[in-house]
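Descriptive analysis of the structure
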Amino acid sequence: MIGHKTKVLGLGLLATSLVLAACGTAAPSTPVIVEKEKIVEKVVTSAPQVVKETVVVAAPTAVPAAKAKVLRVNLGTYPDNLDPQKASFVNEIAHLKLAYEGLTKFDKDLQTVPGAAEKWAYNADGTELTFTMRKGQKYSDGSLLNAKRFEYSIIRNVNPATGGEYAFVTNDYIAGANAWGEAAAAVADAKDDAAKKTATEAAAKAEATLRASVQAQDAAGKPCADYKQEDCLTLKIKLGAPTPFFHTIMALWVAYPAKEENITAGKEQWTNSTKFQVGNGPYTWKVLEPQVKSRFEANANYYGDKAKTAIEFAYITDSAVSFNAYKNNEFDIIALAAEDLKTVQADAALNAQARIYAGSCTTQLAMNNKFPPYDDKQFRTAVAQAVDRKAWVDNILQGLGAPTQTWIPPGYPGYDKAEARFAFNVDEAKKALAASKAPTADKVPGGKLKYFASNSPRNKTRGEFLVQMLSKNLGIPVEMTLVDPTEYTARQKKGDMDGMFLQGWCADFPHQTNWLPTYFNSKSFASRWGYSNPANDKLMADADVTVDPVKAAAMYDQAQKTIIGDVSSMMFWNNVNSYLVKPWVKGLIQTPQDSGFAGDTVPTAIDIDVAMLPK
């Protein structure tokens, strides 16, 4: 075996002559002629003589060391925050979901499946959720993982003092969570000692209510004592209202069980050290060199499918540099930038390595329903049918997008592949325009339509393309107004832009509630362009608290059909994930939720065919 000395029988006249070969790890890969001396006796009639003979033998061919399996990924920007309860950007989450795992996780079909919890159950009305954890789970350092760890992480995410950007994703549902945040804010806003005392007492009461809503329990149903309790395998979460999808939220990074003692010991720097970043996920965080490199290796203590390859992240922000490095075989996966798409398509080998598939975002052309002529459904229909979505994707997005006529994108629960209303059709657009309250320019306030965009060279180019298309197909002038980016955001929130503008949404988690009521409720984002349908608001709210998943899915489906039918906006395009992947990367499973790199939703499926690696 490699690394062990091997005994070889010498090529002499006597079977007792033995030659020791060199250690296999030091031997060269090609045979080398080696001269060995041996001592033999020649028998003659006179006195015995000792004669030296030289015997030429071939040293054994060494077995080449097996090539290491490492998936080398350029992740781009180095993360700003690697705290599970504070992270929010995709490059941050890409690291965390290798080293940690939630109570649940997502599979290749974006279905919610058991993670650290082997099962879960709701009470009859969906207001209490009980997780049962797998027995004997360990962190990558071999220490016990029990339900108390998740109790800590969830409460830490809710805690106003943590200040996590995604606290809302738990606070909107766990009983008492928002009340704690509001009470803490009242303490900070108190004007005098008396008011502060009252607010502090209210905050303490709210915190106690929240802590009672998230409780780890032992086999006897009693609160767990500590992190070393092996029978602490139950976690109960009380919800403020029926929330039959909360188990899906528990797959998100906000509930990852970071160790309390590591956070305390590491203080402000705990996130930037593998000493403290000890997780329960499929990988162990082995190297963390800020701005330079991260390396993850298979976690031997992980209960599930073992990682087949190590993963290394680099942080090259310049896509041109990254592309050249990829061509030099320095990376196995990189993001494919639009600037490099034509080069890739012109090269047969590179084109075969391009992975372009559905992503997690949808962009719409919003039409402010509060202002004429967009307060007229027939006029909005005319606009929707006057836009060639495919031409936009081909010319503006350079193919890195997909036209859509519905809201929830492919690959997500609730995607409506049958939706075909309001497709590009100039003749139908003119019919709808003729039936509207503003069939000609003189009926439009100011004699022209308005399109608003955040001021940048790229947005100016995009806007000109859209403005020319609408002007030509509707026969009504369209004026583009470029707005300072900060002002543009503020005006969107105020809902005072009296025209058309782009609006988009990307999935936080794969469930209809994240796409429909979160966005299209009249008091939510939809208020930015004046869309309001109280009956549909109620339908979506009812779907959210419907425990039967089949009934809920049907209700969400009807709600989406109503949104499309109201033509509150024009569904425009879905983004795509676009990567370059080397041919020796095998087993990669693509999902719309991939964000850090291709296949990162199910990374343990990825393998490297070392026989294909460059020599």
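Residues numbered from 1 in each chain as written. Predicted model: local features only at pLDDT ≥ 70, side-chain atom pairs only at ≥ 80, totals over all residues. Heavy atoms only, no water.

**Focus on unusual backbone geometry**
Note the threshold: Every helix listed is a DSSP run of H or I at least four residues long, and every strand listed is a run of E at least two residues long, numbered separately from the N terminus.
Cis rather than trans, the peptide bond between Pro-372 and Pro-373 has omega equal to 5°. Relative to the helices and strands, Pro-373 is located in the loop between strand E16 (354–367) and helix H11 (377–385). For Gln-291, which is not a glycine, the phi torsion comes out positive at approximately 75°. Among the structural elements, Gln-291 can be located in the loop between strand E12 (283–289) and strand E13 (293–298).

**Side note on H11**
The following threshold applies: Relative accessible area decides the class of each residue, using a 1.4 Å probe on protein chains only: under 20% of the type maximum gives buried, over 50% gives exposed, and in between gives partly exposed.
When you tally the buried positions in H11, you get seven out of nine residues, the bulk of the element. When we look at burial in H11, the residues that qualify are Phe-379, Arg-380, Thr-381, Ala-382, Val-383, Ala-384 and Gln-385.

**With respect to the state of the cysteines**
For the record, the criterion: Throughout, disulfides are identified as pairs of cysteine sulfur atoms within 2.5 Å of each other.
In total, this model carries two disulfides according to the counting rule given. Between Cys-224 and Cys-232 runs a disulfide, and the two sulfur atoms are separated by 2.1 Å. Between Cys-224 and Cys-232 the sulfur-sulfur dihedral comes to about 105°; the bridge is accordingly right-handed. For the residue pair Cys-224 and Cys-232, the accessibility class agrees, reading buried in each case. Bridging Cys-361 to Cys-506, the disulfide has an S-S length of 1.9 Å. Of note, the bridge from Cys-361 to Cys-506 carries an S-S torsion of about 105° and is right-handed in sense. Of this pair, Cys-361 sits in strand E16 while Cys-506 sits in strand E20 (residues 500–506), placing them 145 residues apart in sequence. Judged by relative accessible area, Cys-361 falls into the buried class, the value being 13%. Residue class for Cys-506 comes out partly exposed when judged on its relative accessible area of 38%. Bonded cysteines in the protein chain are paired 1-2, 3-4 when counted in the order they occur along the chain.

**Notes on the pairing of strand E14 (residues 310–314)**
To keep it simple, the criterion reads: The rule for pairing is simple: two strands pair if DSSP sees at least two bridges between them.
For E14, the tally of buried residues reaches five of five residues, placing the bulk of the element in the interior. Residues Ala-310, Glu-312 and Ala-314 of E14 are buried on one face, and the alternating residues Ile-311 and Phe-313, pointing to the opposite face, are buried as well. Inspection of the sheet shows strand E5 (residues 70–74) paired to E14 by five bridges, in the parallel sense. Note that in E14 the partner of Arg-72 across the bridge is Glu-312. Sheet topology note: the E13/E14 ladder contains four bridges and is antiparallel. When the sheet's bridge partners are listed, Lys-293 is paired in E14 with Ala-314.

**Re the side chain of Ser-578**
Here is the rule: Whether two residues are in contact is decided by their heavy atoms: any pair within 4.5 Å suffices.
Mapped onto the secondary structure, Ser-578 falls in strand E21 (residues 569–581). Setting aside its immediate chain neighbours within four residues, Ser-578 contacts Ala-335, Leu-336, Arg-355, Ile-356 and Leu-400.

**Considerations on the environment of Ala-212**
Looking at the element boundaries, Ala-212 is found in helix H5 (residues 193–213). Through-space distance from the C-alpha of Ala-212 to that of Ile-237 is 8.6 Å; in sequence the pair is 25 residues apart.

**A short note on the packing of aromatic side chains**
Aromatic ring pairs are described here by two measures, namely the spacing of the ring centres and the angle between the planes. Threshold: What counts as a ring pair is set by centres within 6.5 Å for rings of Phe, Tyr and Trp (its six-membered ring), and what kind of pair is set by the plane angle: stacked under 30 degrees, edge-to-face over 60, tilted for all other angles.
Counted under the stated rule, the structure contains 27 aromatic pairs. Arranged with centres 6.1 Å apart and planes meeting at 70°, the rings of Tyr-173 and Phe-246 form a pair that is edge-to-face. Taken together, the residues span a long stretch of sequence, with Tyr-173 in the loop between helix H3 (168–171) and helix H4 (177–189) and Phe-246 in helix H6 (residues 246–249) at a distance of 73 residues. Each member of the pair, Tyr-173 as well as Phe-246, is classed as buried.

**Examining the packing of H11 against helix H13 (residues 426–434)**
Helices that pack against each other are described as a pair by the angle of their axes relative to one another and the distance between those axes. Quick note on the threshold: Axis geometry follows a simple rule: fit a line to the C-alpha atoms, using only the stretch in contact for helices, then measure angles between N-to-C directions, giving values from 0 to 180 degrees. By definition in this entry, angles of less than 35 degrees are roughly parallel, angles greater than 145 are roughly antiparallel, angles of 65 to 115 are roughly perpendicular, and the rest are oblique. In this scheme, a crossing is called left-handed if the near helix is turned counterclockwise away from the far one by less than a right angle; it is called right-handed if the turn is clockwise. Ten residues, namely Ala, Val, Leu, Ile, Met, Phe, Trp, Tyr, Cys and Pro, are considered nonpolar, four, namely Asp, Glu, Lys and Arg, are considered charged, and the remaining ones, Gly among them, are considered polar.
Packing of H11 against H13 brings their axes to within 8 Å, and their N-to-C directions diverge by 165°. On the basis of the axis angle, H11 is roughly antiparallel to H13. Remark: the crossing between H11 and H13 carries left-handed chirality. Residues Gln-378, Phe-379, Thr-381, Ala-382 and Gln-385 of H11 lie in contact with H13, whose contacting residues are Val-426, Glu-428, Ala-429, Ala-432 and Leu-433. Looking at the contact of H11 with H13 residue by residue, the class counts come to six nonpolar, three polar and one charged.

**Remarks on the sheet that holds strand E8 (residues 117–122)**
Across the sheet, four strands lie side by side as E8-E9-E11-E10; this open sheet has antiparallel pairing. Unpaired on one side and paired on the other, E8 and strand E10 (214–217) mark the two borders of the sheet. Neighbouring strand axes in the sheet, compared pairwise and without regard to direction, differ in orientation by 20° on average. Bridge count for E8 against strand E9 (residues 128–133) is five bridges, and the pairing is antiparallel. When the sheet's bridge partners are listed, Ala-121 is paired in E9 with Thr-130. Where helix H2 (residues 147–158) meets the sheet, its contacts fall on E9, E10 and strand E11 (234–238), and the angle it forms with E10 comes to roughly 170°. Contacting E10 and E11, H5 runs over the sheet at an angle of about 45° to E10.

**Focus: the nonpolar core**
Stated precisely, the cut-off is as follows: The term nonpolar core refers to a set of buried residues drawn from Ala, Val, Leu, Ile, Met, Phe, Trp, Tyr and Cys, joined through side-chain atoms within 4.5 Å.
By size, the foremost hydrophobic cluster in this structure holds 147 residues, and its most contacted members are Leu-235 and Met-500. Setting aside residues up to four positions removed in sequence, Met-500 forms contacts with Leu-365, Ala-366, Met-367, Tyr-374, Val-383, Leu-449, Lys-450, Tyr-451, Phe-452, Leu-470 and Val-478. Residues Ala-314, Ala-325, Val-344 and Val-576 belong to the second largest nonpolar core, which totals 13 residues.

**Considerations on the packing of H4 against H5**
Look at H4 against H5: their axes get within 8 Å of each other, and the N-to-C directions meet at 160°. Classified by the angle between their axes, H4 and H5 sit roughly antiparallel to one another. As for how H4 packs across H5, the hand of that crossing is left-handed. On the side of H4, the interface is formed by Ala-177, Ala-179, Trp-180, Ala-183, Ala-184, Ala-186 and Val-187, while H5 contributes Lys-196, Ala-199, Thr-200, Ala-202, Ala-203, Ala-206, Glu-207, Leu-210 and Arg-211. Residues belonging to the contact of H4 with H5 are distributed by class as follows: twelve nonpolar, one polar and three charged.

**Some details on the environment of Ala-423**
Turning to its location among the elements, Ala-423 is positioned in the loop between strand E17 (402–403) and H13. Placed 36 residues apart in sequence, Ala-423 and Val-387 show a C-alpha to C-alpha distance of 8.4 Å.

**Quick word on the pattern of salt bridges**
Operational definition: What makes a salt bridge here is a side-chain nitrogen of Lys or Arg within 4 Å of a carboxyl oxygen of Asp or Glu, nothing more.
Applying the stated criterion across every chain, the model contains 25 salt bridges. The partner of Arg-156 in a salt bridge is Asp-83, and the shortest N-O contact between them spans 2.7 Å. Of this pair, Arg-156 sits in helix H2 while Asp-83 sits in the loop between E5 and helix H1 (90–99), placing them 73 residues apart in sequence. Relative accessible area serves as the criterion here: at 11%, Arg-156 is assigned to the buried category. The structure contains a network of salt bridges with shared partners spanning Arg-295, Glu-297 and Glu-312.

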